[in-house]
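Chain residues, written in single-letter form:
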Amino acid sequence: MAMLSRAVCGFRSKTLIINLPGSAKGAIECFGFIKSSIPHAVALLTDNRKLVADVHKSIQATPSIQATPSIQATPSIQATPSIQATPSIQATPCRSRSKVKLNAADRNRKSPYPMLEVDTAFSIVLQECTPTLEKELIHFNKALNRILAEDIFAEEPVPPFRASIKDGYAVRVSDGIGERIVRKVTAAGDKPCEETLKAGEVIRISTGAPVPPGADAVVQVEDTVLTKIRKTPDGTEEKIIRINVAPREGQDIRAVGSDMAARTLVLSTFDRISSAHIGVLAMLGKTEIKVFRRKSVGILSTGNEIKQPGEPLAPGQIRDSNKFTLMNLLKRYSYASNDCGTTED
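In this text, all values refer to a predicted model and were calculated from it rather than measured experimentally. (Residues numbered from 1 in each chain as written. Predicted model: local features only at pLDDT ≥ 70, side-chain atom pairs only at ≥ 80, totals over all residues. Heavy atoms only, no water.)

Engineer: Summarise the overall build of the protein chain; cite the residues concerned and give the values.
Structural biologist: From N to C terminus, the protein chain includes six helices and 18 strands. Counting all 345 residues of the protein chain, 26% fall into the buried class. Taking contacts inside the protein chain between residues at least 6 apart in sequence as the whole, the part at least 24 apart equals 67%. Carbon and sulfur atoms make up 55% of the accessible area of the protein chain, which totals about 22,800 Å². (Helix = DSSP H or I, 4+ residues; strand = E, 2+ residues; numbered from the N terminus. Buried < 20%, exposed > 50% of the residue type's maximum accessible area, 1.4 Å probe, protein only. Contact = heavy atoms within 4.5 Å. Areas by Shrake-Rupley, 256 points an atom, 1.4 Å probe, with all protein chains shown as cover.)

Engineer: How would you explain the packing of aromatic side chains if you had to name every residue and give the values?
Structural biologist: Per the counting criterion, the structure on display carries one aromatic pair. Residues Phe270 and Phe292 carry aromatic rings whose centres are separated by 5.2 Å and whose planes lie at 15 degrees to one another, so their mutual orientation is stacked. Placement of the pair is Phe270 in the loop between strand 13 (265-267) and helix 5 (275-284) and Phe292 in strand 14 (residues 288-292), with a sequence separation of 22 residues. Residue Phe270 is classed as exposed on the basis of its relative accessible area of 56%. Its end group placed over the ring of Phe153, Arg263 keeps NZ or CZ at 4.9 Å from the ring centre. (Phe/Tyr/Trp six-rings, centres within 6.5 Å; stacked < 30°, edge-to-face > 60°. Lys NZ or Arg CZ within 6 Å of the ring centre and 35° of its normal.)

Engineer: Explain the pattern of salt bridges residue by residue, including any values.
Structural biologist: This structure, assessed with the given rule, holds 15 salt bridges. The salt bridge partner of Glu136 is Arg146, with a shortest N-O separation of 2.5 Å. Residue Glu136 is located in strand 3 (residues 135-139), and its partner Arg146 is located in the loop between strand 3 and strand 4 (152-153); the two are separated by 10 residues in the primary sequence. When its relative accessible area of 21% is taken as the criterion, Glu136 is described as partly exposed. Of the residues examined, Arg146 reaches a relative accessible area of 5% and is grouped as buried. The partner of Asp320 in a salt bridge is Lys323, and the shortest N-O contact between them spans 3.9 Å. There is no split in this pair, since Asp320 and Lys323 are both buried. (Salt bridge = Lys/Arg side-chain N within 4 Å of Asp/Glu carboxyl O.)

Engineer: Can you explain helix 2 (residues 38-45)? Please cite residues and give values.
Structural biologist: Of all the residues in helix 2, the buried ones are Ile38, His40, Ala41 and Ala43. Just past helix 2, the residue Asp47 takes up positive phi, approximately 60 degrees.

Engineer: Account for the environment of Gly208, naming residues and giving values.
Structural biologist: Within the secondary structure, Gly208 sits in the loop between strand 8 (201-205) and strand 9 (217-220). Residues Gly208 and Asp190, spaced 18 residues apart in sequence, show a C-alpha to C-alpha distance of 10.0 Å. Among all residues touching Gly208, those that are not within four sequence positions of it are Phe161, Ala163, Ser164 and Ala188.

Engineer: Break down the sheet that holds strand 10 (residues 224-229) for me, with residues and values.
Structural biologist: Ordered in space as 9-6-8-7-11-10, the six strands form an open sheet in which the pairing is mixed. The sheet is open, and its two edges are formed by strand 9 and strand 10, each paired on a single side. Geometrically, the sheet is characterised by an average inter-axis angle of 40 degrees between neighbouring strands, direction not taken into account. Here four bridges tie strand 7 (residues 178-186) to strand 11 (residues 238-243), and the two strands are oriented antiparallel to one another. Bridge pairing in strand 11 places Glu179 opposite Arg242. (Pairing = 2+ DSSP bridges. Axes fitted to C-alpha atoms, helices over the stretch in contact; angles between N-to-C directions.)

Engineer: Give me unusual backbone geometry: which residues, what numbers.
Structural biologist: Working note: non-glycine residues mostly have negative phi, and peptide bonds are mostly trans. Val158 connects to Pro159 through a cis peptide bond whose omega is -5 degrees. When you line up the elements, Pro159 lands in the loop between strand 4 and strand 5 (163-164).

Engineer: Give a detailed account of the side chain of Ser301, specifying residues and quantitative values.
Structural biologist: In this fold, Ser301 is placed in strand 15 (residues 296-302). By relative accessible area, which is 9% here, Ser301 ends up buried. The contacts of Ser301, once residues within four sequence positions are left out, are Asp320, Lys323, Gly341, Thr342 and Thr343.

Engineer: Which residues make up helix 5, and what values go with them?
Structural biologist: Since one α-helical turn is 3.6 residues long, residues separated by three or four positions face the same way. Within helix 5, the full set of buried residues consists of Ile278, Leu281 and Leu284. Looking down the long axis of helix 5, one finds its buried residues gathered within 120 degrees of arc, a one-sided arrangement. For helix 5, the exposed residues set more than 90 degrees away from the buried face come down to Ser275 and Ala276. Of the residues flanking the end of helix 5, it is Gly285, one or two places downstream, whose phi is positive at about 75 degrees. (Arc of directions from axis to C-beta.)

Engineer: Could you give an account of a nonpolar patch on the surface, naming the residues involved and the relevant values?
Structural biologist: A cluster of nonpolar side chains, contributed by Val297, Leu326, Leu329, Tyr333 and Tyr335, occupies part of the molecular surface with about 460 Å² of accessible area. The exposure class assigned to Tyr335 is partly exposed, which follows from its relative accessible area of 43%. (Patch = residues over 30% accessible without salt bridge, like charges linked within 9 Å, V, L, I, M, F, W, Y side chains within 5 Å.)

And the structure:
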(Lines give C-alpha, C1' and ligand atoms only; values in the text may rest on other atoms or scores of the structure.)
Protein backbone atom coordinates (compact mmCIF):
# COMPACT_ATOMS: atom_id res chain seq x y z
CA MET A 1 0.00 0.00 0.00
CA ALA A 2 2.99 2.33 0.42
CA MET A 3 3.44 2.37 -3.39
CA LEU A 4 -0.20 3.41 -3.75
CA SER A 5 -0.15 6.14 -1.11
CA ARG A 6 0.50 9.03 -3.49
CA ALA A 7 -1.90 7.83 -6.16
CA VAL A 8 -4.85 6.78 -4.00
CA CYS A 9 -7.70 9.25 -4.02
CA GLY A 10 -9.88 7.25 -1.61
CA PHE A 11 -12.16 4.26 -1.08
CA ARG A 12 -15.86 3.86 -1.66
CA SER A 13 -17.39 0.66 -0.29
CA LYS A 14 -14.91 -1.90 -1.62
CA THR A 15 -13.77 0.17 -4.58
CA LEU A 16 -10.23 1.52 -4.81
CA ILE A 17 -10.18 5.03 -6.35
CA ILE A 18 -6.90 6.03 -7.98
CA ASN A 19 -5.93 9.59 -8.85
CA LEU A 20 -4.04 9.92 -12.18
CA PRO A 21 -2.91 13.00 -14.15
CA GLY A 22 -5.20 14.46 -16.82
CA SER A 23 -2.87 13.84 -19.76
CA ALA A 24 -2.68 10.43 -21.40
CA LYS A 25 1.13 10.47 -21.20
CA GLY A 26 1.18 11.29 -17.47
CA ALA A 27 -1.56 8.77 -16.69
CA ILE A 28 0.32 5.96 -18.47
CA GLU A 29 3.57 6.72 -16.65
CA CYS A 30 1.96 6.96 -13.19
CA PHE A 31 -0.15 3.84 -13.71
CA GLY A 32 3.02 1.94 -14.61
CA PHE A 33 4.40 2.57 -11.11
CA ILE A 34 1.43 1.14 -9.23
CA LYS A 35 -0.12 -1.50 -11.49
CA SER A 36 1.83 -4.40 -9.97
CA SER A 37 0.54 -3.55 -6.47
CA ILE A 38 -3.12 -3.16 -7.36
CA PRO A 39 -4.03 -6.90 -7.01
CA HIS A 40 -2.64 -6.91 -3.46
CA ALA A 41 -4.51 -3.70 -2.60
CA VAL A 42 -7.77 -5.15 -3.94
CA ALA A 43 -7.19 -8.32 -1.92
CA LEU A 44 -6.90 -6.19 1.24
CA LEU A 45 -10.07 -4.23 0.39
CA THR A 46 -12.11 -7.38 -0.30
CA ASP A 47 -10.71 -9.10 2.79
CA ASN A 48 -9.31 -11.96 0.68
CA ARG A 49 -7.15 -13.26 3.52
CA LYS A 50 -5.83 -16.25 1.63
CA LEU A 51 -4.45 -14.15 -1.22
CA VAL A 52 -3.03 -11.63 1.26
CA ALA A 53 -1.32 -14.41 3.21
CA ASP A 54 0.08 -15.95 0.03
CA VAL A 55 1.55 -12.61 -1.01
CA HIS A 56 3.10 -12.04 2.40
CA LYS A 57 4.67 -15.51 2.40
CA SER A 58 5.99 -14.95 -1.11
CA ILE A 59 7.51 -11.60 -0.11
CA GLN A 60 9.28 -13.13 2.89
CA ALA A 61 10.58 -16.05 0.85
CA THR A 62 11.87 -14.11 -2.19
CA PRO A 63 15.09 -12.10 -2.57
CA SER A 64 14.86 -8.34 -2.94
CA ILE A 65 14.26 -6.74 -6.36
CA GLN A 66 17.42 -6.61 -8.46
CA ALA A 67 18.39 -3.33 -10.10
CA THR A 68 17.70 -3.36 -13.84
CA PRO A 69 19.12 -1.09 -16.57
CA SER A 70 15.92 0.95 -16.57
CA ILE A 71 15.62 1.22 -12.76
CA GLN A 72 19.02 1.82 -11.12
CA ALA A 73 19.63 1.22 -7.43
CA THR A 74 21.42 4.20 -5.87
CA PRO A 75 23.27 4.55 -2.53
CA SER A 76 20.51 6.82 -1.22
CA ILE A 77 17.66 4.48 -2.23
CA GLN A 78 18.43 0.83 -1.37
CA ALA A 79 16.35 -2.14 -2.40
CA THR A 80 15.06 -3.54 0.93
CA PRO A 81 13.30 -6.80 1.92
CA SER A 82 10.10 -4.77 2.49
CA ILE A 83 9.59 -4.39 -1.28
CA GLN A 84 9.98 -7.85 -2.80
CA ALA A 85 9.13 -9.33 -6.17
CA THR A 86 6.64 -12.21 -5.84
CA PRO A 87 5.58 -14.99 -8.19
CA SER A 88 2.00 -13.63 -8.29
CA ILE A 89 2.90 -9.93 -8.63
CA GLN A 90 5.91 -9.46 -10.92
CA ALA A 91 7.84 -6.17 -10.94
CA THR A 92 8.18 -5.50 -14.66
CA PRO A 93 10.68 -2.89 -15.86
CA CYS A 94 9.38 -0.21 -18.25
CA ARG A 95 10.59 -0.94 -21.78
CA SER A 96 9.61 2.44 -23.20
CA ARG A 97 11.86 4.08 -25.79
CA SER A 98 11.30 7.36 -23.98
CA LYS A 99 14.29 9.25 -22.60
CA VAL A 100 12.08 10.78 -19.93
CA LYS A 101 13.07 9.55 -16.48
CA LEU A 102 10.22 7.28 -15.45
CA ASN A 103 11.86 6.19 -12.21
CA ALA A 104 10.32 8.37 -9.52
CA ALA A 105 13.59 8.42 -7.57
CA ASP A 106 15.46 9.94 -10.52
CA ARG A 107 12.90 12.47 -11.68
CA ASN A 108 13.42 16.17 -11.10
CA ARG A 109 11.16 17.52 -8.38
CA LYS A 110 11.62 21.05 -9.72
CA SER A 111 12.28 22.24 -13.24
CA PRO A 112 15.98 22.95 -13.87
CA TYR A 113 14.89 25.81 -16.14
CA PRO A 114 13.92 29.18 -14.64
CA MET A 115 10.43 30.57 -15.19
CA LEU A 116 10.35 33.67 -17.40
CA GLU A 117 7.88 36.52 -17.54
CA VAL A 118 6.09 36.81 -20.89
CA ASP A 119 7.74 40.15 -21.69
CA THR A 120 11.18 38.68 -20.97
CA ALA A 121 10.55 35.63 -23.15
CA PHE A 122 9.20 37.85 -25.94
CA SER A 123 12.34 40.02 -25.79
CA ILE A 124 14.55 36.93 -26.12
CA VAL A 125 12.59 35.80 -29.19
CA LEU A 126 12.99 39.22 -30.82
CA GLN A 127 16.72 39.28 -30.05
CA GLU A 128 17.20 35.92 -31.77
CA CYS A 129 15.13 36.88 -34.83
CA THR A 130 17.24 38.91 -37.21
CA PRO A 131 15.27 41.39 -39.34
CA THR A 132 15.19 40.90 -43.08
CA LEU A 133 14.71 43.32 -45.95
CA GLU A 134 14.59 40.61 -48.60
CA LYS A 135 11.83 41.24 -51.13
CA GLU A 136 9.69 39.03 -53.31
CA LEU A 137 7.18 39.64 -56.10
CA ILE A 138 3.72 38.18 -55.48
CA HIS A 139 0.22 38.39 -56.98
CA PHE A 140 -1.80 41.17 -55.38
CA ASN A 141 -4.65 38.81 -54.44
CA LYS A 142 -2.26 36.80 -52.22
CA ALA A 143 -0.92 39.85 -50.41
CA LEU A 144 -3.34 40.10 -47.48
CA ASN A 145 -1.47 41.13 -44.29
CA ARG A 146 1.88 41.21 -46.09
CA ILE A 147 4.23 44.19 -45.67
CA LEU A 148 4.58 46.31 -48.80
CA ALA A 149 8.15 46.76 -50.06
CA GLU A 150 7.49 49.51 -52.61
CA ASP A 151 5.52 52.71 -53.05
CA ILE A 152 2.39 52.33 -55.18
CA PHE A 153 1.31 55.20 -57.44
CA ALA A 154 -1.78 55.62 -59.60
CA GLU A 155 -0.58 55.44 -63.19
CA GLU A 156 -3.83 56.91 -64.54
CA PRO A 157 -6.70 58.98 -63.14
CA VAL A 158 -9.67 57.25 -61.53
CA PRO A 159 -12.15 57.42 -63.11
CA PRO A 160 -10.41 57.89 -66.46
CA PHE A 161 -13.53 59.49 -68.02
CA ARG A 162 -16.48 61.59 -66.90
CA ALA A 163 -18.99 59.11 -65.54
CA SER A 164 -22.68 59.40 -64.67
CA ILE A 165 -23.52 58.87 -61.01
CA LYS A 166 -27.21 58.09 -61.64
CA ASP A 167 -29.64 56.68 -64.18
CA GLY A 168 -31.13 59.63 -66.05
CA TYR A 169 -30.33 61.99 -68.89
CA ALA A 170 -27.13 63.76 -69.93
CA VAL A 171 -28.14 67.39 -70.55
CA ARG A 172 -26.87 70.90 -71.27
CA VAL A 173 -27.37 73.10 -68.21
CA SER A 174 -28.01 76.12 -70.44
CA ASP A 175 -31.16 74.45 -71.80
CA GLY A 176 -32.86 74.65 -68.39
CA ILE A 177 -36.26 72.96 -67.94
CA GLY A 178 -38.66 71.93 -70.68
CA GLU A 179 -39.06 69.31 -73.38
CA ARG A 180 -36.03 67.67 -74.96
CA ILE A 181 -35.44 65.24 -77.82
CA VAL A 182 -33.87 61.91 -76.70
CA ARG A 183 -31.10 61.46 -79.27
CA LYS A 184 -29.80 58.04 -78.16
CA VAL A 185 -29.22 55.72 -75.21
CA THR A 186 -25.84 54.86 -73.66
CA ALA A 187 -25.05 52.38 -70.90
CA ALA A 188 -22.08 51.50 -68.70
CA GLY A 189 -19.46 49.69 -70.78
CA ASP A 190 -20.59 51.20 -74.08
CA LYS A 191 -18.11 53.00 -76.29
CA PRO A 192 -18.21 56.70 -75.35
CA CYS A 193 -20.28 58.90 -77.62
CA GLU A 194 -18.03 61.11 -79.77
CA GLU A 195 -20.66 63.46 -81.16
CA THR A 196 -21.20 66.64 -79.18
CA LEU A 197 -24.60 67.06 -77.55
CA LYS A 198 -26.57 69.87 -79.22
CA ALA A 199 -29.03 72.35 -77.75
CA GLY A 200 -32.47 70.83 -77.12
CA GLU A 201 -31.08 67.25 -77.03
CA VAL A 202 -30.52 64.77 -74.21
CA ILE A 203 -29.01 61.31 -74.08
CA ARG A 204 -30.53 58.59 -71.93
CA ILE A 205 -27.65 57.41 -69.67
CA SER A 206 -27.14 54.73 -67.03
CA THR A 207 -25.01 54.78 -63.87
CA GLY A 208 -21.32 54.48 -64.69
CA ALA A 209 -21.68 55.31 -68.38
CA PRO A 210 -19.42 57.94 -69.99
CA VAL A 211 -20.98 61.40 -70.18
CA PRO A 212 -20.99 62.58 -73.83
CA PRO A 213 -19.17 65.73 -75.01
CA GLY A 214 -21.26 68.90 -74.65
CA ALA A 215 -23.22 67.58 -71.65
CA ASP A 216 -22.40 69.25 -68.33
CA ALA A 217 -24.97 67.66 -66.02
CA VAL A 218 -27.06 64.54 -65.47
CA VAL A 219 -30.72 64.81 -64.51
CA GLN A 220 -32.04 61.80 -62.60
CA VAL A 221 -34.96 60.00 -64.23
CA GLU A 222 -37.22 60.86 -61.27
CA ASP A 223 -37.04 64.55 -62.26
CA THR A 224 -38.38 63.89 -65.80
CA VAL A 225 -41.61 62.93 -67.55
CA LEU A 226 -41.95 60.91 -70.77
CA THR A 227 -44.13 62.88 -73.18
CA LYS A 228 -43.74 61.01 -76.47
CA ILE A 229 -42.68 57.51 -77.55
CA ARG A 230 -40.87 56.90 -80.82
CA LYS A 231 -42.62 54.57 -83.26
CA THR A 232 -40.74 51.29 -82.98
CA PRO A 233 -41.86 47.62 -83.25
CA ASP A 234 -42.00 47.25 -79.48
CA GLY A 235 -43.00 50.85 -78.77
CA THR A 236 -40.51 51.26 -75.92
CA GLU A 237 -38.08 53.83 -77.38
CA GLU A 238 -38.33 57.31 -75.89
CA LYS A 239 -38.62 60.26 -78.27
CA ILE A 240 -39.35 63.32 -76.13
CA ILE A 241 -39.06 63.85 -72.36
CA ARG A 242 -39.66 66.87 -70.18
CA ILE A 243 -37.06 68.14 -67.64
CA ASN A 244 -38.97 69.30 -64.56
CA VAL A 245 -36.05 70.43 -62.37
CA ALA A 246 -33.38 72.87 -63.61
CA PRO A 247 -29.96 71.15 -63.48
CA ARG A 248 -26.73 72.56 -62.05
CA GLU A 249 -23.36 72.38 -63.77
CA GLY A 250 -21.49 69.18 -62.84
CA GLN A 251 -24.62 67.68 -61.26
CA ASP A 252 -24.34 63.86 -60.77
CA ILE A 253 -21.12 63.59 -62.79
CA ARG A 254 -17.90 62.02 -61.52
CA ALA A 255 -15.10 64.13 -62.93
CA VAL A 256 -11.93 62.61 -64.39
CA GLY A 257 -9.56 61.82 -61.51
CA SER A 258 -12.14 62.76 -58.87
CA ASP A 259 -11.39 59.55 -56.96
CA MET A 260 -7.65 59.53 -57.63
CA ALA A 261 -5.45 61.78 -59.77
CA ALA A 262 -2.68 60.35 -61.92
CA ARG A 263 0.69 59.90 -60.11
CA THR A 264 -1.00 60.03 -56.70
CA LEU A 265 0.87 58.08 -53.98
CA VAL A 266 -1.67 55.45 -53.00
CA LEU A 267 0.25 53.03 -50.74
CA SER A 268 3.65 53.42 -49.08
CA THR A 269 6.52 51.05 -48.30
CA PHE A 270 5.99 49.24 -44.95
CA ASP A 271 2.20 49.51 -45.19
CA ARG A 272 0.48 46.33 -44.04
CA ILE A 273 -1.85 45.31 -46.85
CA SER A 274 -5.52 45.09 -45.85
CA SER A 275 -8.51 43.78 -47.78
CA ALA A 276 -9.38 47.38 -48.74
CA HIS A 277 -5.86 47.85 -50.12
CA ILE A 278 -6.30 44.77 -52.31
CA GLY A 279 -9.42 46.34 -53.77
CA VAL A 280 -7.47 49.53 -54.50
CA LEU A 281 -4.69 47.53 -56.19
CA ALA A 282 -7.30 45.83 -58.37
CA MET A 283 -8.75 49.22 -59.32
CA LEU A 284 -5.27 50.45 -60.27
CA GLY A 285 -4.56 47.33 -62.33
CA LYS A 286 -1.52 46.59 -60.16
CA THR A 287 -1.52 42.79 -60.34
CA GLU A 288 2.00 42.14 -59.00
CA ILE A 289 3.58 43.91 -56.05
CA LYS A 290 6.80 43.72 -54.07
CA VAL A 291 6.53 42.64 -50.43
CA PHE A 292 9.08 41.78 -47.77
CA ARG A 293 9.82 38.07 -47.43
CA ARG A 294 8.20 36.54 -44.36
CA LYS A 295 9.99 34.78 -41.54
CA SER A 296 9.29 31.07 -41.31
CA VAL A 297 8.43 29.53 -37.94
CA GLY A 298 9.28 25.85 -37.40
CA ILE A 299 6.85 23.79 -35.32
CA LEU A 300 8.00 20.48 -33.82
CA SER A 301 5.63 18.20 -31.92
CA THR A 302 7.11 16.03 -29.14
CA GLY A 303 5.69 12.97 -27.45
CA ASN A 304 5.76 9.18 -27.79
CA GLU A 305 1.95 9.18 -27.70
CA ILE A 306 1.46 11.63 -30.61
CA LYS A 307 -0.16 10.43 -33.83
CA GLN A 308 -1.24 12.35 -36.94
CA PRO A 309 -4.95 13.26 -37.35
CA GLY A 310 -5.55 10.67 -40.07
CA GLU A 311 -3.85 7.78 -38.25
CA PRO A 312 -5.65 5.19 -36.08
CA LEU A 313 -4.97 5.37 -32.35
CA ALA A 314 -3.52 2.54 -30.28
CA PRO A 315 -4.20 2.44 -26.53
CA GLY A 316 -2.43 5.33 -24.81
CA GLN A 317 -2.08 7.48 -27.94
CA ILE A 318 -3.60 10.85 -28.86
CA ARG A 319 -3.73 12.85 -32.10
CA ASP A 320 -1.62 15.93 -32.65
CA SER A 321 -3.84 19.02 -32.41
CA ASN A 322 -1.54 21.76 -31.08
CA LYS A 323 0.64 21.82 -34.21
CA PHE A 324 -2.28 22.54 -36.54
CA THR A 325 -3.70 25.14 -34.16
CA LEU A 326 -0.38 26.99 -34.09
CA MET A 327 0.21 26.74 -37.84
CA ASN A 328 -3.15 28.31 -38.58
CA LEU A 329 -2.69 30.92 -35.88
CA LEU A 330 0.55 31.93 -37.60
CA LYS A 331 -1.24 31.98 -40.96
CA ARG A 332 -3.81 34.37 -39.49
CA TYR A 333 -1.02 36.87 -38.85
CA SER A 334 0.66 36.16 -42.20
CA TYR A 335 3.63 34.18 -40.92
CA ALA A 336 4.92 31.19 -42.83
CA SER A 337 5.09 27.95 -40.85
CA ASN A 338 7.27 24.90 -41.37
CA ASP A 339 6.05 21.51 -40.17
CA CYS A 340 9.15 19.93 -38.56
CA GLY A 341 7.37 16.66 -37.82
CA THR A 342 7.08 14.77 -34.53
CA THR A 343 9.86 13.52 -32.29
CA GLU A 344 9.87 11.14 -29.34
CA ASP A 345 10.41 12.30 -25.78
